[in-house]
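Residue-level structure breakdown
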Amino acid sequence: MNDLFCKRAVSLNSTYFSTCISFCNYACIYVDIGYVSLSQVCGYLYACILSLYSFFLRHARSRNYVSESEVCKLESVPLDFGDYHPLKPITVTESKTKKMNRKGSTSSTSSSSSSSVMDPLSSVLDGTDPLSLFAAAADPVTTTATMDSTRKKRDKDDSSAVGSDFEPWSSKRGEILSRYTTTEKLSIVSGSFSRKATTTGSAVSEKVRTRLEELDDLEEGSQKELLNLTQQDYMNRIEELNQSLKDAWSSDQKVKALKIVIQCSKLLSDTTVIQFYPSKFVLITDILDTFGKLVYERILSMCVDSRVSLPDNFSPESVNDTAKETCLNWFFKIASIRELIPRFYVEAAILKCNKFLSKTGISECLPRLTSMIRGIGDPLVAVYARAYLCRVGCHLTLQTCIKDLLHALLLNSVMSAFRAEFIAARSMDFIGMIKECDESGFPKHLLFRSLGLNLALADPPENDRLQILNEAWKVITKLKNPQDYINCAEVWVEYTCRHFTNREINTVLADVIKHMTPDRAFEDAYPQLQSIIQKVITYIYDFSLLFSVEKFLPFLDMFQKESVRVEVCKCIMESFIKHQQESTKDPVILNALLHICKTMHDSVNALTLEDEKRMLAALINGFIKMVSFGRDFEQQLSFYVEARSMFCNLEPVLVQLIHACVAFCFITIPSLSSIFTRLNLYLHSGQVALANQCLSQADAFFKAAVSLVPEVPKMISVDGKMRPSDAFLLEFLCNFFSTLLVVPDHPEQGVLFLVRGLLNVIQDYTWEDNSDDKVRIYTNVLHLLSAMTQEAYIYHVDKVDSNDTLYGGDSKFLTEINKLCETVIAQILDHLKTLGKEETLKRQSQLALYFFNTILAHGDLRNNKLNQLSVNLWNLAQKHGFADTKTMVKTLEYIKRRSKQPEMSHFTDLALRLPLQSRT
């Protein structure tokens, strides 16, 4: 150890020294006049550079770190933002253009804006953007404001019948239109809807006959087929039909309106382009809905008596005979349609009109319409017909629908398909249906499981929550088959955790243990048991409450398989680290989590992957960081000692304990396998000791780090791959140098004993032949030595006197630094000389420029000889054409900028002596 810290010095012959200086002044001139050859100069050039290095430190630039910091600060410019804020929304000016139809007229533009701020994107797009245009094209029906208001009003009426929590059709409509598109060509059959002239004085029977003939004409061939339509053309045509329907109705052409609806309904029988069928269904049923609405309002308007309209919940008795006759007339007209599909759709569209005729009219029509669908041969068309019937039939109340749900499979389908909010709001109704339904082929516990899945997503009424749990658990706890039981219990555990206290949760866990322990049934239900644990810790993240649940730890004992047990322990620790906000010393929590962490640690073996080790170590470290006994240091130390004994197989945990407890440093650090982990821990420990004014301990840690450097191997494993260690060693040593600046000298060890020892180790270390890291380290040593010569160091450790205070700029101290500097520069120049071969000239150029920048930053270039050394290094960097021209140009520009600063005028002369050479 003592040999490492002995002093080395390099002596130079004074005669040779002055000769080299003289040569440097005239060498270039002799080459120019041809007095000597270039090869002769090359032999002496290195000697010239070597002779000048000793002037570097004697003329180190005096630094005023405070003033330099002020100069480097960015200039602060006051900004007046006014009302501007980066998060404030931009108000875009909207331009509206009106075009005149008359010949020769020009378009006039009127603009309105609430702000003077103009959005550049909007101005370029003239108020439109491609996404808005695409949305408008995909939904042509919504371009009409009347249709929008009508659909909103219709949705409002529908929601009033089935409840506001029922998912409206409008929420599905847009999604279907945007999802189901096509690029194939489409066709559409269009009828000619010209109105035949009738005499004013014709009889009523003649009028009826004429209308029936018009319907027959439509079905017998007054049609034409449009082929090769794009999707947009098809949608435009549907929109035209929709507009024609409204125009015909407003002009009292009711038969023409019916023709249009029949024609549109027939389009639903065509499934040629099957991927577009859902969107076609949406577009055409919009027309059917409009027709149904028009008919209903027409009949409703006929019920107005003395300007008093019918109430919302009117009875058929309050409807006058004229309205009833008109309503029957519409149903008779529709019944006369010969084709099944249009007859079904048009009658379904006016299904609501049955309210004018009978209280049970809708209930009686639904089964008949359902039976009609059986006559549709195409299964796709039949499915969509049923979907439309369900949509228009949703005006029925839930109580009416209950009559049709006497089968368990159908009830389960309803609970699986409907929104959770809708099911949860009617939980007691569904429980009643589950009790009454027939279990044949579909057991009740599966129905309760479906109900539980909905209640996990939405909350039932508060007053019903306990009754719901009791009704469900009565059925669940009676199940004899362990798999049936656990599949159902897993779902209802989440409901219990969402709405009840630890007492109810403990009861449920106890029941699960009771059912799954016999015959080790838990071995076949690990996924469900894991899910239960995950749900419990999701809702109970206060671990003092969690471990107060009596059956929680016994529940963990059912995880007998090690891999599953470890996964459960990881979930618990992840929840603890995520939710635990404050440190804890609760003995219940500490004992339970130590047991859980011990389970994870003991699972580590020779086959465990490194990623798995890192994950386990991170979880255990997160737990250790959250344990604090305050000022009770004995308890804290006792915990750390116990943790070190329990987690000895995971190095990251030991590293964490070393950071936590300095007492472990000397004992635990040598036991670690990673050498760079040991080096960094010695450095960190020394820094901590220095910060606590423990100078002897700091010296011991730093000496240990210096002694460990020779043991650094050439290759180390990084993420499973072998990589050279030079870069990692360079990084560590640079950090070490930064710390050594503030470390005071030991009174018995001599001046800069740690720096000398580290330099000796660096000198003796075997470096790779193709590596220049040794020279880069020496250059960083020069940075350190330059900083040590300053009257006041750039940083200090509080309450620790560094060498600037101890020596106070003593000449002997500076002389020792000079000697070390001479040794370091000699090593740098020796290395530069070895790079004179053709294959290493590029490296020589890079290092010469690197050394030049060091002198530029830390040397006092007002000294002529040091100035000459920097010029020689500049020339050496460019000598063989390997210099980076861009870097050289930027460096020269920097020197010129520095020359304009106060007391830097000598940089002007230096810039004139630094030529730029081209690669050619």
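Residues numbered from 1 in each chain as written. Predicted model: local features only at pLDDT ≥ 70, side-chain atom pairs only at ≥ 80, totals over all residues. Heavy atoms only, no water.

Naming follows an unreviewed UniProt entry, where the protein chain appears as VPS35 endosomal protein-sorting factor-like of Aquila chrysaetos chrysaetos. Of the comments in the UniProt record for the protein chain, the one headed Subcellular location (unreviewed entry) reads "Endosome". (UniProt positions renumbered as here; feature names shortened; annotations may be inferred.)

1. Things to note about the overall build of the protein chain
Counting its regular elements, the protein chain contains 44 helices and 6 strands. The buried share among the 920 residues of the protein chain stands at 46%. Of the contacts made within the protein chain by residues no fewer than 6 positions apart, 71% connect residues no fewer than 24 positions apart. As displayed, the protein chain offers around 49200 Å² of accessible surface, 53% of which is attributable to carbon and sulfur atoms. (Helix = DSSP H or I, 4+ residues; strand = E, 2+ residues; numbered from the N terminus. Buried < 20%, exposed > 50% of the residue type's maximum accessible area, 1.4 Å probe, protein only. Contact = heavy atoms within 4.5 Å. Areas by Shrake-Rupley, 256 points an atom, 1.4 Å probe, with all protein chains shown as cover.)

2. Concerning the packing of aromatic side chains
For the structure shown, the criterion picks out 30 aromatic pairs. Ring centres of F418 and F422 lie 5.4 Å apart, and the angle between their planes is 50°; on these two criteria the pair is classed as tilted. Assessed through its relative accessible area of 32%, F418 is described here as partly exposed. One aromatic cluster is present, formed by F543, F547, F552, F576, F623, F639 and Y640 through successive ring pairs. (Phe/Tyr/Trp six-rings, centres within 6.5 Å; stacked < 30°, edge-to-face > 60°.)

3. A word on the pattern of salt bridges
Within the structure shown, the criterion is met by 22 salt bridges. One salt bridge in this structure joins E612 and K570, with 3.4 Å as the shortest N-O distance. Taken together, the positions of E612 in helix α30 (residues 610-625) and K570 in helix α28 (residues 562-579) put the pair 42 residues apart, joining distant regions of the chain. Judged by its relative accessible area of 6%, K570 falls in the buried class. With a closest N to O distance of 2.2 Å, D611 and R614 form a salt bridge. Pair noted here: D611 and R614 are both in helix α30, with a separation of 3 residues, about one helical turn. (Salt bridge = Lys/Arg side-chain N within 4 Å of Asp/Glu carboxyl O.)

4. Some details on the environment of Y539
Counting through the fold element by element, Y539 comes out in helix α25 (residues 526-539). On the basis of relative accessibility, which here comes to 30%, the residue Y539 falls in the partly exposed class. Within the structure, Y539 has its side chain in polar contact with the side chain of E494 (distance 3.0 Å). (Polar contact = N/O pair within 3.5 Å; in protein donor to acceptor, adjacent residues only side chain to side chain.)

5. Some thoughts on the pairing of strand β5 (residues 715-718)
With 4 bridges connecting them, β5 and strand β6 (residues 721-724) associate as antiparallel partners. Following the sheet pairing, V718 is matched in β6 by K721. (Pairing = 2+ DSSP bridges.)

6. Quick look at the packing of α28 against α30
Remark: α28 packs on α30, axes separated minimally by 9 Å, with the N-to-C direction vectors making an angle of 45°. As judged from the angle between their axes, α28 and α30 are oblique. Considering how the two elements wind past one another, α28 and α30 form a crossing that is left-handed. In contact with V566, K570, M573, E574, F576 and I577 of α28, α30 contributes E612, M615, L616, A618, L619, G622 and F623. Classifying every residue of the contact of α28 with α30 gives 9 nonpolar, 1 polar and 3 charged. (Axes fitted to C-alpha atoms, helices over the stretch in contact; angles between N-to-C directions. Parallel < 35°, antiparallel > 145°, perpendicular 65-115°, else oblique. Left-handed = near helix turned anticlockwise from the far one by under 90°. Nonpolar A, V, L, I, M, F, W, Y, C, P; charged D, E, K, R; others polar.)

7. A look at the side chain of S450
Summarising the element assignment, S450 is placed in helix α21 (residues 444-455). Polar side-chain contacts of S450 include one of 2.4 Å to the side chain of N412. Those residues in contact with S450 that sit more than four places away from it in its chain are N412, M415 and S416.

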